[in-house]
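So the chains spell out like this:
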Amino acid sequence: MAYTVAVVVLKGGAGKSVTAIALGEAAAESGAASTLVDADPMGGSVRHALLAEQAGRPLRSTVIGLPAGDLPKRMGSITPGADIVTIDGPPPGALKIARAAIEAADVVVMPCPARPGDLDRVPATLELAADAGVPVYGVFTFYKRGTNIADAAETLVKQYGVNMLSSRLLDSSKVAENYGLRPRGPLARYGRDLLEELTRKAAE
Ligand SMILES: Nc1ncnc2c1ncn2[C@@H]1O[C@H](COP(=O)(O)OP(=O)(O)OP(=O)(O)O)[C@@H](O)[C@H]1O
Ligand SMILES: [Mg+2]
């Protein structure tokens, strides 16, 4: 069975897609058979994969669009032979799909924008994962090192009781510039850090 990671937070624009793509591509880079399931009805990851292909450097993961409420049931047949499956979670309105993505996973990675005003949906996301009995790790995205806003975000996730990973994605135009491309620079490094940290946690 493939190790399945759902990248979910009930917040739009939180860095779900960049996190899912970075993780899936890091896994593929390391030699694993990596499948990326795009559970977003808007199909952001599928589009990203198409653009990368058109640019002549296709993603190394197999990318499948499946924004379905019955994902758990369908996982076996859509990801045959995969070592790792990364699910790019849907936007906040699609609660049924978010629940299905979590239920299909061994672990949830919850992108937490390092800005207190964008952490309002963290408790609801934790609750959804707790209901499904799936462990959750938070990961900071849009992180601005050494700023008051990042410190305030750190305090808030502590208050919410989030189990945070030490990997983090810095706020950088270099990340946004990766749209439609194979991850490189800080985004590729973030993917490798995440993979390494999750692999370590899975072995614990
Ligand atoms: N660390 C970052 N620094 C700068 N820009 C970023 C960073 N992370 C993501 N972005 C940009 O922010 C936007 C939102 O990121 P992304 O699409 O990954 O979020 P999402 O949670 O998947 O959003 P949606 O809810 O729309 O699916 C994208 O344009 C992306 O390129
Ligand atoms: Mg997205």
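Residues numbered from 1 in each chain as written. Chains lettered and ligands numbered in written order. Predicted model: local features only at pLDDT ≥ 70, side-chain atom pairs only at ≥ 80, totals over all residues. Heavy atoms only, no water.

Visitor: Would you mind showing me how to read the overall build of the chain here?
Guide: Looking only at helices and strands, the chain has eight helices and seven strands in total. Within the chain, the proportion of its 204 residues that are buried is 50%. Here the chain displays about 9,300 Å² of accessible surface, and carbon together with sulfur accounts for 51% of that area. Separation of charge centres in the chain, based on 22 positive and 22 negative side chains, amounts to 4 Å. (Helix = DSSP H or I, 4+ residues; strand = E, 2+ residues; numbered from the N terminus. Buried < 20%, exposed > 50% of the residue type's maximum accessible area, 1.4 Å probe, protein only. Areas by Shrake-Rupley, 256 points an atom, 1.4 Å probe, with all protein chains shown as cover. Lys, Arg positive; Asp, Glu negative; His and termini not counted. Charge placed at Lys NZ, Arg CZ, Asp CG, Glu CD.)

Visitor: Would you mind going over the site of ligand 1 with me for this structure?
Guide: Near ligand 1, the surroundings consist of 15 residues, among which Ala14, Lys16, Ser17, Val18 and Leu170 are the closest. Interatomic distance of 3.1 Å between a backbone N/O atom of Gly15 and an oxygen atom of ligand 1. A distance of 2.9 Å is found between an oxygen atom of ligand 1 and a backbone nitrogen or oxygen belonging to Ser17. About the coverage of ligand 1: the protein hides 74% of its 620 Å² of free accessible area. Among the elements that make up the shell around ligand 1, the one with the highest residue count is helix α1 (residues 16-29) (three residues). (Near = heavy atom within 4 Å. Polar contact = N/O pair within 3.5 Å; in protein donor to acceptor, adjacent residues only side chain to side chain.)

Visitor: Looking at this structure, I do not really get helix α4 (residues 95-103). What am I missing?
Guide: Turn by turn, an α-helix covers 3.6 residues, leaving residues three or four places apart pointing in a common direction. All buried positions along α4 are accounted for by Ile97, Ala98, Ala100, Ala101 and Ile102. The inward-facing, buried residues of α4 contact β1 (3-7), α3 (71-78), β4 (84-88), β5 (107-113) and α5 (122-132). (Contact = heavy atoms within 4.5 Å.)

Visitor: So what exactly am I meant to see when it comes to the sheet that holds strand β3 (residues 62-65) here?
Guide: Two strands in a sheet stick together by hydrogen bonds in their backbones, pointing the same way (parallel) or opposite ways (antiparallel). Ordered in space as β3-β2-β4-β1-β5-β6-β7, the seven strands form an open sheet in which the pairing is parallel. A strand with exactly one partner marks an edge of an open sheet, and here the two such strands are β3 and β7 (164-170). Strand-to-strand twist in this sheet, taken as the mean axis angle between neighbours without regard to direction, amounts to 25 degrees. This element, α5, spans β5 and β6 (136-143) of the sheet and lies at about 180 degrees to β5. (Pairing = 2+ DSSP bridges. Axes fitted to C-alpha atoms, helices over the stretch in contact; angles between N-to-C directions.)

Visitor: I would appreciate a short explanation of the nonpolar core in the present structure.
Guide: A general trend in soluble globular proteins is that nonpolar side chains are found buried together. In terms of nonpolar packing, the biggest core is built from 42 residues, with Leu71, Ile87 and Met110 touching the most fellow members. Listed by contribution, the elements that provide at least two residues to this core are α3, β4, α4, β5, α5, β6 and α6 (148-160). Considering every element that reaches this core, the biggest residue donor is α4, with five residues. Leave out the neighbours within four places in its chain, and Met110 touches Val8, Val9, Val122, Thr125, Leu126, Val136, Tyr137, Gly138, Val139 and Val162. (Core = buried A, V, L, I, M, F, W, Y, C linked by side-chain atoms within 4.5 Å.)

Visitor: Looking at this structure, I do not really get the environment of Ala130. What am I missing?
Guide: With respect to the secondary-structure elements, Ala130 resides in helix α5. Taking the C-alpha atoms as reference points, Ala130 and Thr147, separated by 17 residues in sequence, lie 31 Å from one another.

Visitor: It is not clear to me how the pattern of salt bridges should be interpreted in this structure. Could you clarify?
Guide: Charged atoms that come close allow side chains of opposite charge to pair. Using the criterion set out here, one finds eight salt bridges in the structure. In this structure, Lys144 and Asp171 form a salt bridge, with 3.6 Å as the shortest nitrogen-oxygen distance. On the criterion of sequence distance, the pair formed by Lys144 in the loop between β6 and α6 and Asp171 in the loop between β7 and α7 (173-176) is long-range, its members being 27 residues apart. With a relative accessible area of 44%, Lys144 lands in the partly exposed category. A relative accessible area of 32% means that Asp171 is categorised as partly exposed. For Arg168, the salt bridge identified is with Glu154, shortest N-O distance 3.3 Å. (Salt bridge = Lys/Arg side-chain N within 4 Å of Asp/Glu carboxyl O.)

Visitor: I tried to follow the pairing of β7 on my own but got confused; where do I start?
Guide: A regular strand places its side chains so that they alternate between the two faces of the sheet. Sheet topology places β6 next to β7; three bridges connect them, and they run parallel. Counted as the bridge partner of Phe140 is Arg168 from β7. Remark: the β6/α6/β7 crossover connection has right-handed handedness. (Right-handed = clockwise from strand over helix to strand, strands pointing away.)

Visitor: Explain the pairing of β1 to me, please; I cannot follow it from the model alone.
Guide: Most of β1 sits out of view: four of its five residues are buried. Bridge count between β1 and β5: three bridges; the pairing is parallel. Paired with Ala6 across the strands is Val108, a residue of β5.

That's the geometry; what it means functionally is another story.
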